[in-house]
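Take a look at the letters that make up each chain.
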Amino acid sequence: MNGAQAAARDASTAAPTDLPRPGLAARLLSNELPRSRALAVLLVLIVLGLAFAPFLFPGAKALNVAAKILVFIVLVASYDLLLGYTGIVSFAHTMFFGIGAYGIAIALTRLGPAWGAVALGVAGAVALSIVLSAVIGLFSLRVRAIFYAMITLAVAAAFQTLASQLSEITGGEDGLSFKVPEILTPAFSFAGAPFLGVSLDGRLLAYYLLLVAAALLFLVMLRIVNSPFGRVLQAIRENDFRAEAIGYRTVVYRTLSNVLAAVFATLAGALLALWLRYNGPDTSLSFEVMLDVLLMVVIGGMGTMYGAVIGAALFILAQSYLQDVMRIGSTALSGLPFVGEILGALFSPDRWLLWLGVLFILSVYYFPAGVVGRLRAVKSRSPR
Amino acid sequence: MSSAGASAPVHEALPQVRADWLPVALVPALALAALPLVGSPSTWLTLTVAGLAMGLIVFIIASGLTLVFGLMDVLNFGHGVFIALGAFLATTVLASMETWTASPNVLVNFAAVLAAMLVAMAAAGAVGLAFERVVIRPVYGQHLKQILITMGGMIVGEELIKVIWGPQQIPLPLPTGFRGAILVGDAAIEKYRLIAVAIGLVVLAAMLWVFGRTKVGLLIRAGVQDREMVESLGYRIRRLFVGVFVAGSALAGLGGVMWGLYQQNVVPQIGAQVNVLIFIVIIIGGLGSIGGCFVGALLVGMLANYAGFLAPKVALFSNILLMVGVLLWRPQGLYPVAKR
């Protein structure tokens with residue numbers, strides 16, 4: 001297995017003994033540098049863009065898009081932990097995302113807008129996710145990966161129906177709108193005069209809370225995948241039989257990876273609910289969100305945490321702005337004779353998912369390591 | 001069940017393998033257990049027929065999927081596309097034959113539905129052939145990629161259906177002659193459910209004949225048990241697989257027509273919805289086993305109807321609970337396929 005050797009080589013080069021003590025930046029990134037100039041530039045652009053989004057891109061829509069990117073970076077990275085690093089396909093990932101969002105939503109609806117309620121909601125949601133993911137993992141990760149994919153699909157469907165049925169608790173199909181602690185609301189202002197044309201209100205604070213939380217969670221995940229534990233996960237992905245033979249209990253590692261991914265997804269869900277001040281089945285639980293996450297992981301690059309950043313940013317930008325571009329293209333194309341109607345329908349803004357689906361299939365075929373893998377390959381080809 | 005390779009003695013000299021009837025007995029056992037719970041026999045009869053109809057439709061859809069998995073270890077998450085395609089073609093065909101479907105003569109109605117079924121099967125089979133070529137062939141033997149690619153195929157297929165038929169829900173009314181119910185004692189049984197049961201039984205009989213009495217069927221059964229052995233005897237299992245894939249897609253198209261008529265409306269998400277159900281069925285049955293798929297489909301269909309009547313809240317989980325229960329009893333499904 002090529003990948004196994006590559007992983008082993010990575011491990012040996014990353015061993016701290018034969019390297020000088022890494023700098024602060026490298027330590028923050030757990031010694032996993034982008035390893036490609038283009039990738040590094042892209043990442044820095046995304047990070048700067050997100051960090052100064054309220055000042056760079058004025059308007060409520062732009063800020064919403066930036067916040068959504070932050071949440072999805074965490075969610076997609078947690079899914080990558082499972083899919084890209086451990087080689088497990090789960091279709092229940094949005095279930096945990098939804099648990100996190102509902103945890104916040106239910107706690108804040110019942111207990112009112114207080115930080116205690118936020119803590120309680122997050123704690124409850126994380127506990128539920130840990131139990132659920134451990135049970136599902138222990139029950140079905142013993143068998144083949146394909147079993148797990150199907151079982152999680154069924155469980156997620158059942159959970160979604162359950163969430164919309166228990167309308168007294170979850171608000172059913174309508175979802176729950178709730179108040180967040182006052183300091184995070186637009187009405188709260190901590191400085192009278194706007195700074196650089198941006199009013200310093202609770203919304204801005206909420207955005208930076210999201211930014212800090214997302215950055216922390218992402219760095220923790222980067223640390224996990226570059227730890228010895230992460231190496232075992234990659235070994236299991238490459239050859240589970242061999243990993244078991246070396247002496248690692250693959251069931252235990254797979255289940256742990258599953259639980260970890262679930263916890264991070266739950267936290268991402270909590271962040272989303274805090275930002276939106278609303279949660280419903282369609283925003284966090286639906287199968288469409290699951291497919292979006294799958295597309296982001298694959299397009300960004302499976303098995304690379306940076307892929308989550310790129311994938312989430314690209315996908316959500318496309319989701320939010322590609323439709324406008326397609327609308328222009330569609331009206332232009334439908335003016336053509338004969339084929340105009342068909343082309344117009346194919347490129348209509350509602351069909352943007354069609355093209356991302358095609359892109360998804362092509363990327364699984366031709367560059368399974370996604371954008372990140374592609375950029376890194378460009379760089380590593382020259383010295384070989 | 002024929003796929004267990006158990007029922008028909010091929011040669012007198014061969015030792016008879018003991019048939020495993022225990023899972024089959026679950027179906028009447030479930031029906032009998034539900035009788036005292038439901039209470040009135042007429043309601044029970046209505047529910048049982050509804051369950052059988054649903055189970056047989058699900059069986060028609062799922063049989064292709066489980067065989068494809070058994071034969072080539074390919075799990076097609078895009079199976080739902082063929083279901084949706086069949087259902088949407090049915091709306092077009094039946095709408096264009098309005099004079100036939102509105103006719104009070106049941107035979108004329110049936111001719112219209114038959115035409116819709118044939119169109120759906122032909123189209124789903126053709127799309128299946130292309131799907132196998134374009135989507136599945138490049139990723140043989142790589143499970144992870146298979147799951148991802150077929151899921152991508154599902155997304156694209158669903159979007160293309162939206163391009164052609166639009167994203168909205170389309171009503172698919174039953175032909176006049178199929179509507180209404182007949183009374184058996186006190187029990188009202190919808191006509192279409194009886195028709196669905198009849199069609200399902202015809203398909204089942206045809207399958208049993210193919211698998212039990214023809215050489216192709218024998219090869220498929222042998223291929224499921226041990227692919228390499230069949231190959232080493234000089235048969236091209238690839239070709240067999242393509243045939244099974246196309247037939248499975250066509251059956252999914254047929255099932256899509258029947259499911260659409262059962263629900264009386266069609267949405268583009270129909271494929272994804274039914275996918276969940278058929279995955280549960282083939283897991284319960286044992287991946288690759290036709291007999292298990294049949295028993296699993298009947299169990300799922302009947303349990304869904306009983307649970308929907310007795311405790312609607314539990315009904316959401318009844319299928320999952322059934323799956324958990326079966327897997328605790330037999331971790332590889334009701335009829336484990338030998339080598340897996």
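Residues numbered from 1 in each chain as written. Chains lettered and ligands numbered in written order. Predicted model: local features only at pLDDT ≥ 70, side-chain atom pairs only at ≥ 80, totals over all residues.

Caption draft 1: Spatial organisation of the overall build of chain A. Within chain A, the regular secondary structure consists of 19 helices and two strands. Within the span of chain A, comprising 384 residues, buried residues form 48% of the whole. Across chain A, every contact between residues at least 6 apart in sequence was considered, and the portion connecting residues at least 24 apart equals 73%. (Helix = DSSP H or I, 4+ residues; strand = E, 2+ residues; numbered from the N terminus. Buried ≥ 20, exposed ≤ 12 C-beta atoms within 10 Å, placed from the backbone. Contact = placed C-beta atoms within 7 Å.)

Caption draft 2: Summary view of unusual backbone geometry. Although it is not a glycine, Arg277 of chain A adopts a positive phi angle of roughly 55°. With respect to the secondary-structure elements, Arg277 of chain A resides in the loop between α13 (250-276) and β2 (278-279). The partly exposed category is assigned to Arg277 of chain A, around which 18 C-beta atoms lie within 10 Å. Residue Gln264 of chain B is not a glycine yet carries a positive backbone phi of 65°. As for its placement among the helices and strands, Gln264 of chain B is situated in the loop between α10 (237-263) and β4 (265-266). On the basis of neighbour counts, which here come to 12 C-beta atoms within 10 Å, the residue Gln264 of chain B falls in the exposed class.

Caption draft 3: Summary view of the interface of chain A and chain B. Contacts between the two partners involve 31 residues from chain A and, on the opposite side, 28 residues from chain B. Sort the elements by how many residues they give to the side of chain A that touches chain B and helix α8 (residues 145-165) of chain A lands first, with 13 residues. Residues of the side of chain A that touches chain B, tallied by class, amount to 25 nonpolar, four polar and two charged. (Nonpolar A, V, L, I, M, F, W, Y, C, P; charged D, E, K, R; others polar.)

Caption draft 4: Seen up close, the pairing of strand β3 (residues 187-190) of chain B. All names here are of chain B. The sheet contact formed by strand β2 (residues 181-184) and β3 spans four bridges and is antiparallel. What sits directly across from Ile182, in β3, is Ile189. Linking β2 to β3, which pair antiparallel, is a turn of two residues; within it Gly185 sits at a positive phi near 65°. (Pairing = 2+ DSSP bridges.)

Caption draft 5: Region of the structure containing the confidence of the model for chain A. Residues and elements named next belong to chain A. For chain A, the average pLDDT comes to 82, and 87% of its residues sit at 70 or higher. Mean pLDDT across the elements of chain A bottoms out in helix α1 (residues 2-14) (47) and peaks in α13 (93). Long-range and interchain partners of residues 6-17, a stretch whose pLDDT sits below 50, account for seven contacts in this model, where long-range means more than four residues apart. (pLDDT = per-residue confidence, 0-100.)

Caption draft 6: Local environment of the confidence of the model for chain B. All names here are of chain B. Counting all residues, the mean pLDDT for chain B is 85, and 94% of those residues have values of 70 or more. Here residues 1-9 is a poorly scored stretch, pLDDT under 50, and it has 27 contacts once near neighbours within four places are set aside; other chains count. For this predicted complex, the interface confidence reaches an ipTM of 0.78, while the overall pTM sits at 0.82.

Caption draft 7: Examining the nonpolar core more closely. Counting residues in each nonpolar core, the largest one holds 238 residues, and the members touching the most others are Ile73 and Val74 of chain A. At 20 residues, the largest contribution of residues to this core is made by helix α2 (residues 41-72) of chain B. (Core = buried A, V, L, I, M, F, W, Y, C linked by C-beta atoms within 7 Å.)

Caption draft 8: Structural context of the packing of helix α6 (residues 93-111) of chain A against helix α7 (residues 115-140) of chain A. Residues and elements named next belong to chain A. Here α6 crosses α7 at 145°, and the two axes come no closer than 8 Å. The chirality of how α6 crosses α7 is right-handed. Along the contact surface, α6 presents Phe96, Ile99, Gly100, Gly103, Ile104, Ile106, Ala107, Leu108 and Leu111, while α7 presents Ala117, Val118, Leu120, Gly121, Val122, Gly124, Ala125, Leu128, Ser129 and Ser133. Split by residue class, the contact of α6 with α7 holds 13 nonpolar, six polar and no charged. (Axes fitted to C-alpha atoms, helices over the stretch in contact; angles between N-to-C directions. Left-handed = near helix turned anticlockwise from the far one by under 90°.)

Caption draft 9: Up close: α2 of chain B. All names here are of chain B. In this model, α2 (32 residues) spans 45 Å end to end at C-alpha, consistent with the 46 Å of a helix rising 1.5 Å per residue. Buried residues dominate α2, accounting for 28 of its 32 residues. Of the residues flanking the end of α2, it is Asp73, one or two places downstream, whose phi is positive at about 65°. (Expected span 1.5 Å × (residues − 1).)

Caption draft 10: Geometry of the environment of Met154 of chain B. Relative to the helices and strands, Met154 of chain B is located in helix α6 (residues 143-165). For the pair Met154 of chain B and Leu287 of chain B, spaced 133 residues apart in the sequence, the C-alpha separation amounts to 21 Å.

Caption draft 11: Seen up close, the packing of helix α11 (residues 228-238) of chain A against α13 of chain A. Residues and elements named next belong to chain A. Contact geometry of α11 with α13 gives a least axis separation of 10 Å together with a crossing angle of 115°. As the angle between them shows, α11 and α13 are arranged roughly perpendicular. In this structure, α11 meets α13 at a crossing whose hand is left-handed. Only Thr250, Tyr253, Arg254 and Ser257 of α13 make contact with α11, whose side of the interface consists of Val232, Leu233 and Ile236. (Parallel < 35°, antiparallel > 145°, perpendicular 65-115°, else oblique.)

Caption draft 12: Seen up close, α13 of chain A. Residue and element names in this part refer to chain A. Spanning 27 residues, α13 covers 39 Å between terminal C-alpha atoms, matching the ideal 39 Å at 1.5 Å per step. Burial analysis of α13 places 23 of its 27 residues in the buried class, which makes it a mostly covered element. Arg277, located one to two residues past α13, shows a positive phi value of around 55°.

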